[in-house]
Amino acid sequence: MDYTIQAGFCAECAHALVRPTNKGTIYLRCGLAARDERFPRYPRLPVLSCPGFQPMVASDRPR
Ligand code: SF4
């Protein structure tokens, strides 16, 4: 599924943890939230700018 537009920066971030459900919903959790309170566990999407953004490498991309 292509969620790039809906998620903004999170869609390309190495800290994003994407969890699809059996019902077709996709949850996106910020992995930085566990160790840095500046970041919400479930960011309001789309995220249009973020100081924690770290581009994911090709092997991180969901297939
Ligand atoms: S660090 Fe920012 S861009 Fe990356 S997943 Fe968290 S909220 Fe999204």
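Residues numbered from 1 in each chain as written. Predicted model: local features only at pLDDT ≥ 70, side-chain atom pairs only at ≥ 80, totals over all residues. Heavy atoms only, no water.

**A few points about the nonpolar core**
Link 1 in the chain: Ala7, Cys10, Ala11, Ala16, Leu28 and Val47 together form the largest nonpolar core, which totals 6 residues.
Link 2 in the chain: Excluding residues that lie within four positions of it along the chain, Cys10 makes contacts with Ala16, Leu28, Pro43, Leu45 and Val47. (Core = buried A, V, L, I, M, F, W, Y, C linked by side-chain atoms within 4.5 Å. Buried < 20%, exposed > 50% of the residue type's maximum accessible area, 1.4 Å probe, protein only. Contact = heavy atoms within 4.5 Å.)

**Details of the pattern of salt bridges**
Link 1 in the chain: Under the defined criterion, the tally for this structure stands at 1 salt bridge.
Link 2 in the chain: Residue Asp36 is joined to Arg38 by a salt bridge in which the shortest nitrogen-to-oxygen separation is 2.8 Å. (Salt bridge = Lys/Arg side-chain N within 4 Å of Asp/Glu carboxyl O.)

**Examining the site of the ligand**
Link 1 in the chain: Looking at the ligand, the residues that line it are Cys10, Cys13, His15, Ala16, Cys30, Leu32, Pro43, Cys50 and Gly52.
Link 2 in the chain: Considered class by class, the residues forming the shell around the ligand number 7 nonpolar, 2 polar and no charged. (Near = heavy atom within 4 Å. Nonpolar A, V, L, I, M, F, W, Y, C, P; charged D, E, K, R; others polar.)

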